[in-house]
Amino acid sequence: MVDPLRDPDDPELLDPYQARSLAILVEGARLASGAVRYGKVGRVGCAAVVINRENPLPSGNFGCALDGSSVEVASSLLELEQTFAAAGRAEAVVYASPTTVDEIEGIADDSGWYAVEELLTVVHRGPASVSPEVRLAGDLDLPGIVELLSDELVGNRARLSRWLGHRLDDPRCVVMVVDDGDRIGGFVSGFAERGVGLVEQCVVRPARRRRGVGRSLVVSAAAAMRSGGATLIASQVDEGPGERFAESCGFVAAYPVTAYVRRVDELLE
């Protein structure tokens, strides 16, 4: 029997109408999360945008939901280049989902933007409870979490520490850790607002990987956000290994997302 909520061309994904409705909710939460604590959410042309100079990660500086004519989208991409350059970013990032016009691929190519990553939005459908080994993070955990993130991501440690501190102070954010002796063995961050929860990052120390630590962190974050009132828990993962890990944590595929990037530091030379 055909599932009316699934795309007949790809039964693993939601149909376009369901996917667009879900993407509106998820992108609204992602924009709000990116703005913690000093960021701003607004519009540039026909795109929804978050800019946060304090956030060293791409998650605080991106555009999405480019919905308009081909001319409006092309004009918006040009405006986004200037917006991110003015914010001091080396790159402008746009995430194209069911809220973005189908023609974005050709428009982006013509405008000097490049598709750099294929992602999948997944929704949690499995059971969720906080694992005994997982606990909420506190201020004393910041150095250990920064160490983990610095190993995984290129970024200034002082900025990472300030950004994490902002999230620890915001009740909408969930930050949880697993201990590994006297150091942090793994870390997960999430965000929940208006009933929508996001599992955003999960990093596990290499020596603790393939032991279920990452799954315990993700499921615990989902449980914590549900306890806080979130009725929808979503995340974005890489296709392939990321998708398989998400499935092991109780997530199911919903819709694809393509990340487009434009180098804007070159425009300033």
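Reading guide: rules and limits
Residues numbered from 1 in each chain as written. Predicted model: local features only at pLDDT ≥ 70, side-chain atom pairs only at ≥ 80, totals over all residues. Heavy atoms only, no water. Helix = DSSP H or I, 4+ residues; strand = E, 2+ residues; numbered from the N terminus. Rg over C-alpha atoms; globule rule 2.2 N^0.38 Å. Buried < 20%, exposed > 50% of the residue type's maximum accessible area, 1.4 Å probe, protein only. Phe/Tyr/Trp six-rings, centres within 6.5 Å; stacked < 30°, edge-to-face > 60°. Lys NZ or Arg CZ within 6 Å of the ring centre and 35° of its normal. Patch = residues over 30% accessible without salt bridge, like charges linked within 9 Å, V, L, I, M, F, W, Y side chains within 5 Å. Areas by Shrake-Rupley, 256 points an atom, 1.4 Å probe, with all protein chains shown as cover. Salt bridge = Lys/Arg side-chain N within 4 Å of Asp/Glu carboxyl O. Lys, Arg positive; Asp, Glu negative; His and termini not counted. Charge placed at Lys NZ, Arg CZ, Asp CG, Glu CD. Expected span 1.5 Å × (residues − 1). Contact = heavy atoms within 4.5 Å. pLDDT = per-residue confidence, 0-100. Pairing = 2+ DSSP bridges. Right-handed = clockwise from strand over helix to strand, strands pointing away. 1 Å grid on protein atoms, 1.4 Å probe; cavity = no way out; pocket = protein on both sides within 12 Å on 5 of 7 lines; lining within 4 Å. Points joined across faces, edges and corners; volume = space filled by probe spheres on them. Nonpolar A, V, L, I, M, F, W, Y, C, P; charged D, E, K, R; others polar.

## Structural notes on the overall build of the protein chain
- Across its full length, the protein chain carries seven helices and 13 strands.
- The C-alpha atoms of the protein chain give a radius of gyration of 18 Å, which matches the 18 Å a tight globule of 269 residues would have.
- With respect to the three principal axes, the spread of C-alpha positions in the protein chain is 55 × 55 × 30 Å.
- Across the 269 residues of the protein chain, 52% fall into the buried class.

## Quick look at the packing of aromatic side chains
- Scanning the model with the defined rule gives one aromatic pair in all.
- Aromatic side chains F62 and Y95 sit 5.4 Å apart centroid to centroid with 80° between the ring planes, which places their arrangement in the edge-to-face category. Taken together, the residues F62 in strand 5 (residues 62-64) and Y95 in strand 6 (residues 91-96) connect sequence positions 33 residues apart. Neither F62 nor Y95 differs from the other in exposure class; each is buried.
- Sitting over the ring of F62, R30 keeps its end group 4.5 Å from the ring centre.
- Between the NZ or CZ atom of R30 and the centre of the ring of Y95, over which it lies, the distance is 4.6 Å.

## A word on a negative patch on the surface
- A contiguous patch of negative charge on the surface is contributed by E105, D109, D110, E117, E118, D238 and E239.
- Contributing elements (two or more residues each) for the negative patch: helix 3 (104-110) and strand 7 (114-124).
- Per-element tally for the negative patch: the top contributor is helix 3, with three residues.

## Overview of helix 6 (residues 213-227)
- Here helix 6 is 15 residues long and its end C-alpha atoms lie 21 Å apart, about the 21 Å a rise of 1.5 Å per residue gives.
- Of all the 15 residues making up helix 6, eleven are buried; the element is thus mostly covered by neighbouring parts of the structure.
- Listing the buried residues of helix 6 in full gives V213, G214, S216, L217, V218, V219, S220, A221, A222, A223 and M225.
- A positive phi of about 115° marks G229, the residue just after helix 6.

## Observations concerning the environment of A32
- Among the structural elements, A32 can be located in helix 1 (residues 16-34).
- On the basis of relative accessible area, A32 is assigned to the buried category, the value being 14%.
- Considering only alpha carbons, one finds A32 and R172, 140 residues apart in sequence, at a separation of 9.8 Å.
- Those residues in contact with A32 that sit more than four places away from it in its chain are V41, F191 and E193.

## Points about the confidence of the model for the protein chain
- When pLDDT is averaged across the protein chain, the result is 91; 95% of the residues are at 70 or more.
- Averaged pLDDT values for the elements of the protein chain fall to 72 in strand 1 (residues 6-7) and rise to 98 in strand 5.

## A few points about the pairing of strand 12 (residues 232-238)
- Within strand 12, five of the seven residues are buried, leaving the element largely enclosed by the surrounding structure.
- Pairing analysis gives five bridges linking strand 7 to strand 12, with the strands arranged antiparallel. In the sheet register, L119 faces strand 12, and the bridge partner there is D238.
- The sheet contact formed by strand 11 (residues 196-204) and strand 12 spans four bridges and is parallel. Counterpart to V199 in the pairing with strand 12 is S235.
- Tracing the backbone out of strand 11, into helix 6 and back to the parallel element strand 12 gives a crossover that is right-handed.

## Focus on unusual backbone geometry
- Following V36, the chain continues to R37 via a peptide bond in cis, the omega torsion being 5°.
- Within the secondary structure, R37 is located in the loop between helix 1 and strand 3 (40-44).
- The phi dihedral of R210 is positive, around 65°, even though this residue is not glycine.
- Structurally, R210 can be placed in the loop between strand 11 and helix 6.
- Here R210 falls in the exposed class, since its relative accessible area comes to 87%.

## What to know about the layout of surface pockets
- By volume, the second largest pocket amounts to about 560 Å³.
- Taken together, 20 residues form the lining of the second largest pocket, with S97, P98, T100, D102 and P256 sitting closest to its centre.
- Put simply, the parts of the chain that give the lining of the second largest pocket at least two residues each are strand 2 (10-14), helix 1, helix 3 and strand 13 (251-263).
- Taken together, the residues that form the lining of the second largest pocket break down as twelve nonpolar, three polar and five charged.

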